[in-house]
Amino acid sequence: MAESTTTQHAFTGWHKPDLDLSGADWRSGSQGAGDVQIAFVEGFIAMRNGGRPEAPSLIFTPAEWRAFVVNAREGEFDLT
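Treat the numbers as computed from the prediction; the structure is a model and nothing was measured.

About the criteria used
Residues numbered from 1 in each chain as written. Predicted model: local features only at pLDDT ≥ 70, side-chain atom pairs only at ≥ 80, totals over all residues. Heavy atoms only, no water. Core = buried A, V, L, I, M, F, W, Y, C linked by side-chain atoms within 4.5 Å. Buried < 20%, exposed > 50% of the residue type's maximum accessible area, 1.4 Å probe, protein only. Helix = DSSP H or I, 4+ residues; strand = E, 2+ residues; numbered from the N terminus. Pairing = 2+ DSSP bridges.

Asks: I'd love a proper account of the nonpolar core, names of residues and values included.
Replies: Formed by Leu19, Leu21, Ala24, Trp26, Ala39, Val41, Phe44, Ala46 and Ile59, the largest nonpolar core amounts to 9 residues. At the level of secondary structure, the elements contributing two or more residues to this core comprise β2 (36-41) and β3 (44-49).

Asks: So what about the pairing of β3? Which residues, and what values?
Replies: Two faces belong to every sheet, and in a regular strand the side chains alternate between them. With 5 of 6 residues buried, β3 lies mostly within the body of the structure. The sheet contact formed by β2 and β3 spans 6 bridges and is antiparallel. The residue bridging Ala39 from the neighbouring strand is Ala46, located in β3. What sits between the antiparallel neighbours β2 and β3 is a turn of 2 residues, in which Glu42 has the positive phi angle 50°. Two elements, β3 and strand β4 (residues 58-60), share 3 bridges in a ladder whose sense is antiparallel. Paired with Ala46 across the strands is Ile59, a residue of β4.

Below you can see the structure in the form of structure tokens.
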């Protein structure tokens with residue numbers, strides 16, 4: 001069965017495509033189980049929990065992904 005994103009969205013104006021992620025080339029930042037994995041699919045960035053690959057994936061536009069990466073580098077999400 002092919003993995004895809006859900007079509008039910010709680011947010012008005014949510015225009016993310018249903019992507020077939022079954023053949024995605026998932027990349028990991030580490031070798032440990034349970035890490036975050038990303039894949040570039042049809043111009044979007046998919047992110048999933050590597051320890052639970054059957055769980056739903058998050059889908060980002062390139063602009064959303066760039067904003068996340070820039071803010072992470074600047075320490076916005078640092079909880080220490």
